Amino acid sequence: MRLILLALLVLTFSTHAEEDLSAKAWLKNMSQALRDKQFKVSIIQLQADHIRPLVYIHGIVDNQEIALLEYLNGPPKNAIRVGSRVTFIEHDQPAYSVSAPRIQGVWPAALAGDISLLEQGYQFVIGGRSRSAGRPGQLIRLLAKDENRYDAQVWVDMETYLPLRFDTLNQEKQLLEQTMVVELFELSEPANILIEAAKQDWPAIINQAERTDGKNWQFTWLPQGFDIVVRDHHRLIGIHEPVEYIALTDGLANISVYVARSGDNPMPNELLTRNGLSMVVVKVGALEVVAIGKVPSETLERIANSLVLK
């Protein structure tokens, strides 16, 4: 009887300790788990009518993070990260490497980074609990502090603190995109494929496009928390001349801005797809500014109109 009572007391204390965690504490534990844990997850991503199955494996080999992302549908395609080098392996082109802190396309990189940076644009609110992938999870809502971005929510596994599900919601609380774990295995040691990946001689990291004639475009307004992360030359479909490319992010939402000479066939002023991807085109003299991202179209329009040449 004493053993039963002791077990109940331990269980009660453990439950209360979990309940005492703030929303930010849950997110910080999740961030650390994504960096430190060794695990394998099977994932499905839902975007409108599109379903993408993935496998993601993460571990620590020789004191550095190693990760593998495998796309299960379509032509063979993998991404492998060794430290800060991400190598893409596709069936129809030679492998190439870029410098990046995470593999894009699974969870937003900010979820494994400094959670405090997200507080510029989002409020953290703790929600209820429910099962996902057969595991109990704690819901954490990331509520936009303004109308310039969308809400998000993440379910955190109560045992491993790894994310079980991540949703993006529009301003009408409709689901735009979902990344959901369907199977999770925590590993006691790194997977063999990660150990082998650490031994490989991967391609050298490619440099960003040289800005030999790049212009010094600046924004007079950006939503709180958004920063410029990339500047280079890009090409839009149907345009044979290089265009200026600027990438913005607040940690969860990504925005691409292109600046090019106006073409003979003007682009539509606005296009909104069912998965929440907006595109806005603004004329600046003889130039077109194209802004694309999963944020409200009003945000893109204001960003595009704030672009000036210094």
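This text follows the structure it describes.
These figures come from a predicted structure and were not determined experimentally.

Asker: Give me the sheet that holds strand β11 (residues 175-186): which residues, what numbers.
Answerer: Judged by pairing direction, the sheet is antiparallel, and its 11 strands sit side by side in the order β6-β5-β4-β3-β2-β1-β11-β10-β9-β8-β7 without closing on themselves. Across the chains shown, the open sheet's two edge strands, defined by having one partner strand only, are β6 (93-99) and β7 (122-132). Within the sheet, the average angular offset between the axes of one strand and its neighbour, ignoring direction, is 15 degrees. Relative to the sheet, helix α2 (residues 23-36) contacts β1 (39-47), β2 (50-61), β3 (64-71), β7, β8 (135-144), β9 (151-157) and β10 (163-169), its axis offset from that of β7 by approximately 70 degrees. Sheet strands in contact with helix α3 (residues 192-199) are β2, β3 and β4 (77-82), and its direction is about 70 degrees off that of β2.

Asker: How would you explain the pairing of β7 if you had to name every residue and give the values?
Answerer: Every other side chain in a regular strand lies on the same face of the sheet, so the side chains alternate between the two faces. Here β7 runs beside β8; their pairing, made up of 9 bridges, is antiparallel. Bridge pairing in β8 links serine 130 to glycine 137. Connecting β7 to the next strand, β8, in antiparallel fashion are 2 residues, including alanine 133 with a positive phi near 55 degrees.

Asker: Break down the nonpolar core for me, with residues and values.
Answerer: One finds Tyr56, Leu142 and Val257 to be the most contacted residues of the largest nonpolar core, which totals 60 residues. For this core, the element with the highest residue contribution is α2, accounting for 6 residues. Ignoring sequence-local partners within four residues, the contact set of valine 257 consists of Phe219, Glu244, Tyr245, Ile246, Leu248, Val289, Val290, Ala291, Ile303 and Leu307. Counting 11 residues, the second largest nonpolar core, distinct from the first, contains Ile66, Val82, Leu194 and Trp202.

Asker: So, the environment of glycine 83: which residues are in play, and what are the values?
Answerer: Locating glycine 83 in the fold gives a position in the loop between β4 and β5 (85-90). Classification of glycine 83 as buried rests on a relative accessible area of 18%. Dropping the residues within four chain positions of it, glycine 83 is found in contact with Gln64, Glu65, Ile66 and Ala100.

Asker: Give me unusual backbone geometry: which residues, what numbers.
Answerer: Excluding glycine, residues mostly have negative phi values, and the peptide bonds linking residues are mostly trans. We note that asparagine 63 has phi near 65 degrees; this positive angle belongs to a residue other than glycine. Here asparagine 63 lies in the loop between β2 and β3. A residue is classified by how much of its surface remains accessible, and asparagine 63, at 79% relative accessible area, is exposed.

Asker: Kindly report on the pattern of salt bridges, identifying the contributing residues and their values.
Answerer: Close approach of charged atoms allows side chains with opposite charge to pair. Per the stated rule, a full pass over the model turns up 13 salt bridges. Of the charged contacts, one joins glutamate 119 and lysine 24 as a salt bridge, the two residues approaching to 3.0 Å between their closest N and O atoms. Of this pair, glutamate 119 sits in the loop between β6 and β7 while lysine 24 sits in helix α2, and the two are 95 residues apart along the sequence. Between glutamate 288 and lysine 283 there is a salt bridge, with the nearest N and O atoms lying 3.6 Å from each other.

Asker: Account for the pairing of β4, naming residues and giving values.
Answerer: Strand direction decides the pairing type here: β3 and β4, joined by 6 bridges, are antiparallel. Across the sheet, glutamate 70 pairs through a bridge with asparagine 78, a residue of β4. With antiparallel pairing between neighbouring strands as the criterion, β3 and β4 make up a hairpin whose turn holds 5 residues, including glycine 74 at a positive phi of roughly 75 degrees. Pairing analysis gives 6 bridges linking β4 to β5, with the strands arranged antiparallel. Note that in β5 the partner of alanine 79 across the bridge is phenylalanine 88. Counting the residues in the hairpin turn of β4 and β5 gives 2 residues, including glycine 83, whose phi is positive at 65 degrees.

Asker: How would you explain the environment of leucine 46 if you had to name every residue and give the values?
Answerer: Assignment of secondary structure puts leucine 46 in strand β1. By relative accessible area, which is 24% here, leucine 46 ends up partly exposed. Distance in space between the C-alpha atoms of leucine 46 and leucine 176 is 8.5 Å, their sequence separation being 130 residues. If we skip the residues at most four places from it in the chain, leucine 46 touches Ile51, Leu176, Glu177 and Gln178.

Reading the values: rules and limits
- Residues numbered from 1 in each chain as written.
- Predicted model: local features only at pLDDT ≥ 70, side-chain atom pairs only at ≥ 80, totals over all residues.
- Heavy atoms only, no water.
- Pairing = 2+ DSSP bridges.
- Helix = DSSP H or I, 4+ residues; strand = E, 2+ residues; numbered from the N terminus.
- Axes fitted to C-alpha atoms, helices over the stretch in contact; angles between N-to-C directions.
- Contact = heavy atoms within 4.5 Å.
- Core = buried A, V, L, I, M, F, W, Y, C linked by side-chain atoms within 4.5 Å.
- Buried < 20%, exposed > 50% of the residue type's maximum accessible area, 1.4 Å probe, protein only.
- Salt bridge = Lys/Arg side-chain N within 4 Å of Asp/Glu carboxyl O.

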